[in-house]
Amino acid sequence: APAGLRALPMPPPQGRLALEQVSVTVGERTLLQPISFTLEAGQILGVVGSSGAGKTTLCRLILGVMPPSGGVVRLDGVDIATQSRATLGPHIGYLPQNPSLFAGTVAENIARLAAEPEGEAVVAAAKAAGVHELILRLPKGYDTVLGEEGAPLSAGQRQRLGLARALYGAPSLVVLDEPNAHLDAEGEQTLATALLGLKQRGATVLLVTHRLAILRHADQVLVLEHGAIERLGPREP
C-alpha cells in the first residue's frame, strides 16, 4: 500500500469476502495451493474436506491471523493485511474448533474480555446464539463465574457460549470452524437458527464442518483436498 494509506481504517464492512490467488507455504510444505473465490455479503459458504485438507488454514487466513504466502484476502475490497487487529477484530466473529473460555463471568467471556462489556450487546449475542435461556438457568445467570476452560459447563455448552462470543457486536464476517462438533440435537437446532439469523442480517459466514446435514443452510459449498479446491459451487439440493 502507498505510504500513509496503509493505516487508513476501513468503515464497518458489509461483508463481501474475496480471495485472490491466495496460497500458504510453510518451509517445503504447501498448506494451501493458490485459491480464488468470492463470497457476497449475506452468503453462507460450507467448507468440507478430509483432515489436513487445509480447512483450518483457510479460516486463519480469512481471520488475518496467518499471512498468505501469496495473493490477497479482501473484505469489502480492502486487503485485510493492511488493517490492524484492533480495526478488523470487531467486524469478524470466530468460533474455533475447541473454544477456550477464560476464568471470568459468562458476560465477560461473551464480550471477548472487553473492559466494559456492553450489557445489551452481550444479551443480543446470547440470544442470537440460542444460549440466553441456558445462561439464565446458571446459578448467577450472566454473572456466573466460570473456571479455567469454562468449568462447570459441558463441551456442548462451551461451544454454544463460544458461538455467542463469535456473534458479539454483530460482526459482518463470521468464521465457524466445526461449530457443531460437540452439539446435541437441541444445540444443532439453535445453530441452524443462528445461521438463519446471520443470513437475515446480511452477515457473511464461513462454515467448516464434517457433519453434512448442516450444509443444507449453505448457499455455496467448497470441497478442499490437499490444499486445493476440488469443487466449488451452489449447494446441491
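Before any of the text, the structure's been laid out above.
Everything numeric in this text was worked out from a predicted model, so none of it was measured. (Residues numbered from 1 in each chain as written. Predicted model: local features only at pLDDT ≥ 70, side-chain atom pairs only at ≥ 80, totals over all residues. Heavy atoms only, no water.)

1. Observations regarding the packing of helix H6 (residues 155-167) against helix H7 (residues 185-200)
Operational definition: Note on method: axes are straight lines fitted to C-alpha atoms, helices fitted across the in-contact stretch only, with angles between N-to-C directions ranging 0 to 180 degrees. Under the scheme used here, helices are H or I runs from DSSP no shorter than 4 residues and strands are E runs no shorter than 2 residues, and both carry numbers assigned from the N terminus. In these notes the angle categories are as follows: under 35 degrees is roughly parallel, over 145 is roughly antiparallel, 65 to 115 is roughly perpendicular, and the rest is oblique. By definition in these notes, contact holds between two residues if any of their heavy atoms fall within 4.5 Å. Residue polarity follows a fixed list, in which Ala, Val, Leu, Ile, Met, Phe, Trp, Tyr, Cys and Pro are nonpolar, Asp, Glu, Lys and Arg are charged, and the others, Gly among them, are polar.
The contact between H6 and H7 brings their axes to 11 Å, and the two run at 10°. The angle between H6 and H7 falls in the class roughly parallel. Taken together, the residues of H7 that come into contact with H6 (itself represented by Arg 160, Leu 163 and Leu 167) are Glu 186, Gly 187, Thr 190, Leu 191, Ala 194 and Leu 198. Counted by class, the contact of H6 with H7 contains five nonpolar, two polar and two charged residues.

2. Some thoughts on helix H1 (residues 55-63)
Rule in force here: Only protein chains enter the accessibility calculation, which uses a 1.4 Å probe; a residue whose area is less than 20% of its type maximum is buried, one above 50% is exposed, and one in between is partly exposed.
Among the nine residues that make up H1, seven are buried, leaving the element largely enclosed by the rest of the structure. Residues of H1 that are buried include every one of Lys 55, Thr 57, Leu 58, Cys 59, Leu 61, Ile 62 and Leu 63, and no others. In the segment just after H1, Gly 64 is the residue with positive phi, at about 85°.

3. Re helix H4 (residues 119-128)
Quick reminder of the rule: Our arc is simply the arc of the directions from the helix axis toward the C-beta atoms.
Buried residues of H4: Ala 121, Val 122, Ala 125 and Ala 126, and no others. Considered in projection along H4, the buried side chains sweep an arc of 135° and stay on one side of the axis. Turned more than 90 degrees off the buried face of H4, the exposed positions are Glu 120 and Lys 127. Among the structural elements, helix H3 (106-110), helix H5 (132-136) and H6 are those in contact with the buried residues of H4.

4. Remarks on the pattern of salt bridges
Selection rule: Within this document, salt bridges are pairs made up of a side-chain nitrogen of Lys or Arg and a carboxyl oxygen of Asp or Glu, the two lying within 4 Å of each other.
Scanning all chains against the criterion turns up five salt bridges. Across the pair Arg 16 and Glu 40 runs a salt bridge whose closest N-O atoms are separated by 3.3 Å. Within this pair, whereas Arg 16 is found in the segment before strand E1 (17-26), its partner Glu 40 is found in the loop between strand E2 (29-39) and strand E3 (44-48), the two being separated by 24 residues in sequence. For Arg 16, a relative accessible area of 38% puts it in the partly exposed group. Overall, Glu 40 belongs to the partly exposed group, its relative accessible area being 37%. Note that Glu 186 is salt-bridged to Arg 160, the shortest N-O span being 4.0 Å.

Shape descriptors only; they carry no functional weight alone.
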